[in-house]
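These are the residues of each chain, in order.
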Amino acid sequence: MSPAQRVLARYRPQILVFIRTGITNAGSEGTNRLIKTVARDAYGFRNPANRQLRTRCATSLRHRGHLNPR
């Protein structure tokens, strides 16, 4: 069995669920990536509350431009 076939065999159930439902976890994966990036940037903060606040602000819809009134 080739490496590509092993990967497909491993993820077959998830692939079939996507084909049937059309639902992915791309949104949550994107948010997790953003949180990790901001947490790395905020690593130097001495106050954990400031670090948490910066992460929450970066992941809010307003910060990402989704709620800008025009």
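Residues numbered from 1 in each chain as written. Predicted model: local features only at pLDDT ≥ 70, side-chain atom pairs only at ≥ 80, totals over all residues. Heavy atoms only, no water.

Asker: What am I meant to see in the overall build of the chain here?
Answerer: Scanning the chain from terminus to terminus reveals four helices and zero strands. Scanning the chain from its N terminus toward the C terminus, one meets helices and strands in the order α-α-α-α. For the chain, with 70 residues in total, the buried portion stands at 9%. Counting every atom, the chain has about 6,300 Å² of accessible surface; 57% of that belongs to carbon and sulfur. (Helix = DSSP H or I, 4+ residues; strand = E, 2+ residues; numbered from the N terminus. Buried < 20%, exposed > 50% of the residue type's maximum accessible area, 1.4 Å probe, protein only. Areas by Shrake-Rupley, 256 points an atom, 1.4 Å probe, with all protein chains shown as cover.)

Asker: Would you explain the environment of Ala 58 in this entry?
Answerer: Positionally, Ala 58 belongs in helix α4 (residues 48–59). Residue class for Ala 58 comes out buried when judged on its relative accessible area of 9%.

Asker: How should I be thinking about a nonpolar patch on the surface in this particular structure?
Answerer: Residues Val 7, Leu 8, Tyr 11, Ile 15, Leu 16, Phe 18 and Ile 19 make up a contiguous nonpolar surface patch of roughly 630 Å² in combined accessible area. Taken together, the elements giving at least two residues each to the nonpolar patch come down to α1 (3–10) and α2 (12–21). Element by element, the count of residues in the nonpolar patch is highest for α2, at four residues. Positionally, Leu 16 belongs in helix α2. (Patch = residues over 30% accessible without salt bridge, like charges linked within 9 Å, V, L, I, M, F, W, Y side chains within 5 Å. Salt bridge = Lys/Arg side-chain N within 4 Å of Asp/Glu carboxyl O.)

Asker: How should the packing of helix α3 (residues 26–41) against α4 be read in this particular structure?
Answerer: Each pair of packed helices gets described by two things: the angle between the helix axes and the distance between those axes. Running from N to C, α3 and α4 cross one another at 140 degrees; their axes reach a closest spacing of 9 Å. It follows that α3 is oblique to α4 by the angle criterion. The handedness of the crossing between α3 and α4 comes out as right-handed. Counted together, Thr 31, Leu 34, Ile 35, Val 38, Ala 39 and Asp 41 of α3 and Arg 51, Arg 54, Thr 55, Ala 58 and Thr 59 of α4 form the full contact between these two elements. Looking at the contact of α3 with α4 residue by residue, the class counts come to five nonpolar, three polar and three charged. (Axes fitted to C-alpha atoms, helices over the stretch in contact; angles between N-to-C directions. Parallel < 35°, antiparallel > 145°, perpendicular 65-115°, else oblique. Left-handed = near helix turned anticlockwise from the far one by under 90°. Contact = heavy atoms within 4.5 Å. Nonpolar A, V, L, I, M, F, W, Y, C, P; charged D, E, K, R; others polar.)

Asker: For this particular structure, what's the right way to read the packing of α1 against α2?
Answerer: Two numbers describe how α1 lies on α2: the axes approach to 4 Å, and their chain directions differ by 60 degrees. What the angle tells us is that α1 and α2 run oblique. Mapping the contact onto sequence places Leu 8, Ala 9 and Arg 10 in α1 and Arg 12, Pro 13, Gln 14 and Ile 15 in α2. Considering only residue class, the contact of α1 with α2 consists of four nonpolar, one polar and two charged.

Asker: Explain the confidence of the model for the chain to me, please; I cannot follow it from the model alone.
Answerer: Note: predicted coordinates in regions of low pLDDT should not be interpreted at a detailed level. Chain-level pLDDT for the chain is 80 on average; 84% of the residues reach the 70-or-more range. Across the chain, the secondary-structure element scoring lowest on mean pLDDT is α4, at 76, and the one scoring highest is α1, at 93. (pLDDT = per-residue confidence, 0-100.)

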